[in-house]
Each structure stands twice: as C-alpha cells, then as structure tokens.
Amino acid sequence: MSHAATPRPDIDNVRTLIAALGTAGRTTQGGITRMTYSPEYRRGMELTTTAMREAGMEVSIDAIGNLVGTYAGKDPALPAVMSASHLDTVPEGGELDGALGVAVAIECVRTWHQAGWHPRRTVKVVATVEEEGNLFGLGCFGSRAMAGELEGRSPEEFKDAQGRTLSWHLRQMGLSPDKALQAAKIDPRDIACYVELHIEQGEELDLSGTPCAVVTDIAGIDRHWVEITGNANHAGTTRMDRRQDALVAAAAVVSEVNQRAGASNGQYVATVGKLDVSPNATNIIPGCVRLVIETRSPKPEVLEAIHTDIPRMLNDIGARFGVRTELTRRLYAKPAPLHASMIAALQAAAEQAGVRATLLPSWAGHDAKIMTTIVPTGMIFVPSLKGISHSPLEATRWEDIDEGLKLLDQALRNLAA
Ligand SMILES: [Zn+2]
C-alpha cells in the first residue's frame, strides 16, 4: 500500500510542541514538574488542546481529565484506533517522558488533516492523567480508569499527600466527581487497538545505535515484604558471639538478592530499595529490620521461580545469623505481553516506512500495560541517551525521534485503513 500522495509528518512540529509543553511546569533547576491537575498541568492541557484542534481534531475531556482528540474516520461506526501517552511528569522530570507520545501522535494526524486525508477508522489521540502515580500513589491512573479497573472505587478514596481527594481535584478542574470513575471507563468494543510511542528509559537502543524498538512485553513487578527479627541489645556489653543482629542478616539478604539477579544473565533485575531498621540507634544492636525485595522481569516463569526461592533463601540466612525471618506480604503485577498481532503490525509498518526497529521488552510500566487488558496493544520505543530518564538530563536525538514518528505514522495509517 502506498501513500505517496500524503505529505510526511514534520519533526519540527514535534519539537515545537515539546518545547511549548516544556514551559508548562519548568522549574528553576531545569526539570519539569507537571503534577496531574495542577495549574502547570492545566497549562499543558491547554497547549495540547490547541495543538489537537490545529491538527483537525475535536477535543473533549473525559470524566477524570484524560484529554481526548478525535479525528473522524470515513466510517465512524468502526472501532477507533487509539494512540496515547501521559501528560504528567515525575517531580523534576524530563520533557519527553509521556509528552513525546502525545506530540508525535498529534503530528501524524496534523499531516493527514493538512492533506485532507481521512482514514477509514476514527483515530483518537489521548493525553492521559497521572501515569506516574505521584498524586495518589497509583500509577497509570488515567488508563486504569479507561480500562474500568477503578469502576468500583469512589473518588473520595483517593487522597494526595495534603489529604485532598480526587473529588476535590476534579472540582478544581471543573469536572464533576459524581460517578467519575465509572464514566471514564471506555467500552473496549469502541476501540480497535492502542499504540503508544514512548522513550525507552533504558540504555539498550542507545548502546546498540538503533533508532526504534517494537516492544514485546512489559515487565511484571513482584514485591515481597520481609521482616527479620533478632534481638535488640546493648551495643557495648553484648559479646559478638551472643548477638542476633537483624541488620547483619538483612545485609546478607540485600547482597544475596543482588548477586542472584546479577548472575541471571539479564533475565530479571532485583532491588532492595527500602529498609526500616529498628530501633535504629547508634548504641543498640538492630532488633528488627523490615525490607522489600522487588524483582522485575518480562517473563512470568522467572518471577514465579524467584517467588518460590525467596522463602528458602530467607530460611538459610535466618539459620546462619540466628534470626527469625518472615514474609509478610506480596504484591504481584504480572508481566504483560503485547499482542502478537500488534507486534507484527508495527514490524510491518517499520519495514514499509524504512525504519530500523529491533524488538525489546519494557522494564518500566506504561499506560500500554493497562491497555493490554482490554484491547490489542502495541508499543514503540525511541532511545534514551545513556538510558537517563526521570531526570532533567533525559534526552533523545531528534533524528531518532523522527524515525519513531515515521514508524508511528505508517502504523496508524495501516491500522486505521
Ligand atoms: Zn512515561
């Protein structure tokens, strides 16, 4: 299929929109802090709305603040193609995480609009709220609402650090909190598929010098809360051979977890990022340590094997240091494979568009992970220089973004044709 008559999207327009969005929440330290529903966020929504309108889209805001641009297809009764990413940032984040996926999708549609071209299916570009989870501690909030995951919840349940509820925030936005979480749910039958372009946030593409990746799986996250109980005692009078030091045992856990993941050949990553030491005093032997072991892998069988292994490891370490170890809680979000049909569609689009694209798993979570639960979902990565993200230093070469733009454009045209 050839679309030679249609002009191709212009990377300069993407740069302009990204630069404009960069003014919404820019801090004195050079990062961007655009918390969902904040004045900076609303400024970002305004800029995005203007860009969507200029691209020929009708713009609406759903019940929880997801911004939806609709470009009507020739056959509006058909399920639409959705391309989205998030508009919020982490504190002191970069300008590409999230915003880039929105900006490139808008530019694709703008090109079609300028050429007077309409695909068969309607195309919806969505800028989602609260993917980073900074406000209520729940990531991918906007997509979870769209997917219907929050249907049974009340906007009063979600509170920010200041104790302000989702209802309060929605009212600030001029939205009604009444049944908002039910109303934000989309009917999966209305959506044919979902595509998200995002920066990789890892270093694989930059290291291999590849401009794009088609994402195969989004890693699962498995968290184990562990409590190690020893004996808090005098740090001077307790002989070394009489101690039950919970922190020394915890140190063995940290080191064991790290060594095993390091020896896994890249199958998984594991982190102990949080320890609470009690009583946490200079002159007392630590009596209790609570810690969390987090493992991530795109492969469910890998995560299951580690899950089975953790109690054994804890027992060994407990016996070695004379302490009691207990697993108190597990929180498991299974890996999400992206749909084979979408991976194939994106690979075909890359070949058609002459874009070099490899296959990669995603080690970070994304709105796309939630969307896999309701519609065929695909994802495109562009490189993150040195793998830096969630930082003002986050960057991607514009030549590489241009390749991603070409790939997304071709893919959206094919999927909407
Ligand atoms: Zn992101």
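Computed from a prediction, not measured in an experiment: that's the story for all the values here. One numbering rule holds for all chains: residues counted from 1, following each sequence as written. Per-residue local features are limited, in this predicted model, to residues with pLDDT of at least 70; the limit for side-chain atom pairs, both in listing and counting, is 80 or more; totals at the level of whole chains, interfaces and linings are taken over all residues. The side-chain figures draw on all heavy atoms in the structure; neither hydrogens nor water molecules are used.

Enquirer: Pulling in residues and values, what's your account of the overall build of the protein chain?
Expert: Under the DSSP-based scheme used, a helix requires at least four consecutive residues in state H or I and a strand at least two consecutive residues in state E, with every element numbered from the N terminus. Scanning the protein chain from N- to C-terminus turns up twelve helices and 13 strands. Computed over C-alpha atoms, the radius of gyration of the protein chain comes to 24 Å, within 12% of the 22 Å expected from 2.2 N^0.38 for 417 residues, which places it in the range of a compact globule. Over its C-alpha atoms, taken along the principal directions, the protein chain stretches across nearly 85 × 45 × 40 Å. Per-residue accessibility, obtained with a 1.4 Å probe over protein chains only, is compared with the maximum for each type, and a residue is labelled buried under 20%, exposed over 50%, and partly exposed between these values. Buried residues in the protein chain amount to 52% of all 417 residues. Contacts: residue pairs with any heavy atoms within 4.5 Å of one another. Of the contacts made within the protein chain by residues no fewer than 6 positions apart, 79% connect residues no fewer than 24 positions apart. Roughly 18,000 Å² of accessible area belongs to the protein chain as shown, and the carbon and sulfur atoms make up 50% of that amount. It is over C-alpha atoms that the radius of gyration is taken, and the globule rule equals 2.2 Å times the number of residues to the power 0.38. Note on areas: Shrake-Rupley with a 1.4 Å probe; residue coverage comes only from the protein chains shown.

Enquirer: Can you tell me about the packing of aromatic side chains, naming the residues and giving the values?
Expert: The pairing test for Phe, Tyr and Trp rings, Trp by its six-membered ring, is centres within 6.5 Å, and the orientation test on the planes gives stacked under 30 degrees, edge-to-face over 60, and tilted for anything in between. A complete count under the given rule lists five aromatic pairs for this structure. Seen from their ring centres, Tyr-71 and Trp-112 are 6.1 Å apart, and the 55° between their planes marks the pair as tilted. Taken together, the positions of Tyr-71 in strand β2 (residues 67-71) and Trp-112 in helix α3 (residues 99-115) put the pair 41 residues apart, joining distant regions of the chain. According to the relative accessible area criterion, Tyr-71 is buried, its value standing at 0%. A relative accessible area of 0% means that Trp-112 is categorised as buried.

Enquirer: Kindly report on the packing of helix α1 (residues 11-21) against helix α2 (residues 39-54), identifying the contributing residues and their values.
Expert: Inter-axis angles, ranging from 0 to 180 degrees, are taken between N-to-C directions of lines fitted to C-alpha atoms, where helices are fitted over the stretch in contact. Contact pair α1 / α2: the axes reach a minimum separation of 9 Å and the direction vectors enclose 155°. With respect to α2, the axis of α1 lies roughly antiparallel. Classified by chirality, the crossing of α2 by α1 is right-handed. Of the residues in α2, those in contact with Leu-17, Ala-20 and Leu-21 of α1 are Gly-44, Leu-47, Thr-48 and Ala-51. Each residue gets one of three labels, nonpolar for Ala, Val, Leu, Ile, Met, Phe, Trp, Tyr, Cys and Pro, charged for Asp, Glu, Lys and Arg, and polar for the others, Gly among them. Of the residues assigned to the contact of α1 with α2, the class counts are five nonpolar, two polar and no charged. Working definition: roughly parallel below 35 degrees, roughly antiparallel above 145 degrees, roughly perpendicular at 65 to 115 degrees, and oblique for all remaining angles. Note on convention: the crossing is left-handed when the near helix lies turned anticlockwise from the far helix by less than a right angle, right-handed when the turn is clockwise.

Enquirer: Describe in detail the nonpolar core, supporting the description with residues and values.
Expert: Take the buried Ala, Val, Leu, Ile, Met, Phe, Trp, Tyr and Cys residues and link them wherever side-chain atoms come within 4.5 Å; each set so joined is a nonpolar core. Within the largest apolar cluster, 93 residues are counted, with the highest numbers of intra-cluster contacts made by Val-14, Tyr-37, Ile-64, Leu-100, Ile-106 and Leu-408. The element best represented in this core is α3, accounting for ten residues. In this view, Ile-106 contacts Leu-17, Thr-48, Ala-51, Met-52, Ala-55, Met-57 and Val-125; residues no more than four positions away in its chain are not counted.

Enquirer: With reference to specific residues and values, describe the coordination of the zinc ion.
Expert: Surrounding the zinc ion are the protein donor atoms His-86 (NE2), Asp-97 (OD) and His-198 (NE2), at 2.0 to 2.1 Å. With water omitted from the atoms examined, metal sites may look incomplete; donors here are N, O and S atoms no farther than 2.8 Å from the metal, or 3.2 Å in the case of Na, K and Ca. All donors of the zinc ion belong to a single chain; written as a sequence motif, their spacing is H-x10-D-x100-H. Taken as a pair, His-86 in strand β3 (residues 80-86) and His-198 in strand β5 (residues 191-199) lie far apart in primary sequence, 112 residues in all. Residue class for His-198 comes out buried when judged on its relative accessible area of 1%.

Enquirer: Outline the side chain of His-198, supporting the account with residue identities and numerical values.
Expert: A polar contact of 2.9 Å, which involves the side chain of His-198, links it to the side chain of Asp-97. Every residue in contact with His-198, bar those within four places of it in the chain, is listed here: Ser-85, His-86, Asp-97, Gly-98, His-366, Met-379, Ile-380, Phe-381 and Val-382. The term polar contact refers here to a pair of N or O atoms within 3.5 Å; inside protein, the definition further demands a hydrogen-donor-capable atom paired with an acceptor-capable atom, and it admits residues adjacent in sequence only when both atoms are side-chain atoms.

Enquirer: How would you explain the sheet that holds strand β10 (residues 324-333) if you had to name every residue and give the values?
Expert: Strands sit in the order β8-β9-β7-β10 across an open sheet of four strands; the sheet is antiparallel. Lying at the two open borders of the sheet, with one neighbouring strand each, are β8 (269-278) and β10. On average, each strand axis in the sheet is inclined to that of its neighbour by 15°, with strand direction left out of account. Two strands are counted as paired when DSSP detects at least two bridges linking them. Strand direction decides the pairing type here: strand β7 (residues 220-229) and strand β9 (residues 288-297), joined by ten bridges, are antiparallel. Of the residues in β9, the one forming a bridge with Glu-227 is Arg-290. Packing against the sheet, helix α8 (residues 246-262) makes contact with β7, β8 and β9, and its axis sits at approximately 170° to β8. Packed onto the sheet, helix α9 (residues 300-321) meets β7, β9 and β10 and runs at close to 170° relative to β10.

Enquirer: Could you give an account of the domain arrangement of the protein chain, naming the residues involved and the relevant values?
Expert: Reported domain spans reflect what an automatic or database domain assignment gives. Split by domain assignment, the protein chain resolves into domain 1 (11-218 + 336-416) and domain 2 (220-333). Just the C-alpha atoms count here: the centres of domain 1 and domain 2 sit 37 Å apart. Facing the six residues of domain 1 at the interface are nine residues of domain 2. Buried area is understood as the total, over both parts, of accessible area removed when two parts are fitted together, assessed with a 1.4 Å probe. Across the domain 1 to domain 2 interface the summed buried area is about 510 Å²; carbon plus sulfur atoms make up 62%. Only one rule defines a salt bridge in this text: a Lys or Arg side-chain nitrogen within 4 Å of an Asp or Glu carboxyl oxygen. Where domain 1 touches domain 2, the interface holds zero salt bridges.

Enquirer: An account of the pattern of salt bridges is needed here, citing residue identities and associated values.
Expert: One pass over the structure, following the stated rule, counts 23 salt bridges. Among the ionic pairs, Arg-144 bridges to Glu-149, the shortest N-O distance being 2.8 Å. We note a salt bridge from Asp-309 to Arg-312, for which the minimum N-O separation is 3.0 Å. Note that Asp-309 and Arg-312 are positioned in helix α9 at a spacing of three residues, about one turn of the helix. Taking relative accessible area as the criterion, Asp-309 reaches 25% and is therefore assigned partly exposed. By sharing partners, the salt bridges in this structure join Glu-256, Arg-260, Asp-309 and Arg-312 into a single network.

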